[in-house]
Each structure stands twice: as C-alpha cells, then as structure tokens.
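A structural walkthrough
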Amino acid sequence: MKYTNSIEIALPRERVAQLLADPVHIPKWLRGVVRHEPVKGVHGELGTESRVVLRTGNREVECTETITRREPAELRDIPAEVVVHFDREIVGAGMWSAVRDRLTEAGPEATHWESESEYRFDSRLIRLLGRLLPGSFRRQSQQHMRDFKAFAEEGRDVREGSG
C-alpha cells in the first residue's frame, strides 16, 4: 500500500527541517509516542537505528526506525533550490514501512511538506485490513502532519489536550 500526503506550513523551510529533526520535539506532535531512542548512531543522522514505542489504545507497539536518507546533512544555510529529504524505514512485528519526506520552499516564510508512505504486511489478515481500510492509514498520516503544523506554527503540544 502506498499513498502521499502534503501540507503547507507557515514557517521557513530551514526552521521546519530543524524542528522535524530535533528528537526533543517528537512527543509534542507525534501522538502516542512513548519512547524514541537511538540504539545505534546519533538521532536523525543517516544510518541511525532507533527503538520506537507507540501507544495505541491500551497496547504498546515497538518497532525499529532506520534513517535511510537525510539531505542535506547540515540543516543550516540551505539554498532555496535544494529539496530537504528525510527518509526512514520502520520495522515492527509483521510490518515494514518506508516514509519519504520532502520539504520545499513555498515562499520565504512557507514550506511545502510532502510525505510518501509505503506499507507491507506479513500477515494475511493485516494485509486484508490494509486493503479494506487504506483511508485510515492516510488519515492518520495527515493527522500527524496537521499536529506537526500546529506545533511548529503555534507551539501546540498534542499531550496537552484532546485536540
């Protein structure tokens, strides 16, 4: 299953890239994050593997995230024509996912964030659910993007309300 979501954020692209790359901010905009800790490498850098624990309802799901692309490596003084890439693979019980994020300048004070997601499932049941309910995956990804936008533009923290 593959899909693409996008959103515009009213901040300069360099600032958006820095906020996305900073691990301190992840729990503020990514709902359900219990833990996001590097087990090999430095958070956010190419090749880094992190243990990620997410809470959905009453259960916790653990997976491993690997940064497969980060360009440019330095997130300061990025030329306007350069597209910022953050790609990662996520592996959990019965599931593999790739997320490819691209940040482009939409103006001096605006950023276009496009996120391509791909999922593969080991279990027949989960594959069937993925085919029957692809919209739920897309909606969840779009919600994460809206939550990031609210955090980046307004300082809103998903942990501080039902939002």
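Everything below is about the structure printed above this text.
Note that the structure is predicted; figures quoted are calculated from it, not measured.

Concerning the overall build of the protein chain
- Assigned secondary structure in the protein chain consists of 4 helices and 7 strands.
- Each helix and strand of the protein chain, ordered N terminal to C terminal, gives the series β-α-α-β-β-β-β-β-β-α-α.
- In terms of overall dimensions, the protein chain is globule-like: its C-alpha atoms have a radius of gyration of 16 Å, near the 15 Å expected for 163 residues.
- Projected onto its principal axes, the C-alpha positions of the protein chain cover 45 × 35 × 30 Å.
- Relative to its full complement of 163 residues, the protein chain shows a buried share of 39%.
- Pairs at least 24 apart in sequence give 49% of the contacts found in the protein chain among residues at least 6 apart.
- About 9400 Å² of surface is accessible on the protein chain, with carbon and sulfur atoms providing 50% of the total.

Re the sheet that holds strand β3 (residues 49-56)
- If you walk across this open sheet you meet the 7 strands as β1-β7-β6-β5-β4-β3-β2, and the pairing is antiparallel. Each having just a single partner strand, β1 (2-9) and β2 (33-40) make up the two edges of the open sheet. Each neighbouring strand pair of the sheet contributes to a mean axis angle of 25 degrees, computed without reference to strand direction.
- Sitting on the sheet, helix α1 (residues 13-21) is in contact with β1, β4 (59-71), β5 (84-92), β6 (95-107) and β7 (110-121), with an inclination near 155 degrees to β6.

As for the pattern of salt bridges
- Following the criterion strictly, the structure yields 17 salt bridges and no others.
- The salt bridge involving E153 is made with K149; its shortest N-O contact spans 2.8 Å. Here the residue E153 and the residue K149 both occupy positions in helix α4 (residues 134-154), the gap between them amounting to 4 residues, near one helical turn.
- One salt bridge in this structure joins R159 and D157, with 2.6 Å as the shortest N-O distance.
- Look at R159 and you get exposed, because its relative accessible area is 54%.
- Using a relative accessible area of 10% as the deciding quantity, one classes D157 as buried.

Focus on unusual backbone geometry
- Here E71 and P72 are connected by a cis peptide whose omega angle stands at -10 degrees.
- Assignment of secondary structure puts P72 in the loop between β4 and β5.
- Positive phi outside glycine occurs at D77, with the angle close to 55 degrees.
- Mapped onto the fold, D77 is located in the loop between β4 and β5.
- Given a relative accessible area of 70%, D77 falls into the exposed group.

Rules used throughout
Residues numbered from 1 in each chain as written. Predicted model: local features only at pLDDT ≥ 70, side-chain atom pairs only at ≥ 80, totals over all residues. Heavy atoms only, no water. Helix = DSSP H or I, 4+ residues; strand = E, 2+ residues; numbered from the N terminus. Rg over C-alpha atoms; globule rule 2.2 N^0.38 Å. Buried < 20%, exposed > 50% of the residue type's maximum accessible area, 1.4 Å probe, protein only. Contact = heavy atoms within 4.5 Å. Areas by Shrake-Rupley, 256 points an atom, 1.4 Å probe, with all protein chains shown as cover. Pairing = 2+ DSSP bridges. Axes fitted to C-alpha atoms, helices over the stretch in contact; angles between N-to-C directions. Salt bridge = Lys/Arg side-chain N within 4 Å of Asp/Glu carboxyl O.

These values are about where atoms sit, not about what they do.
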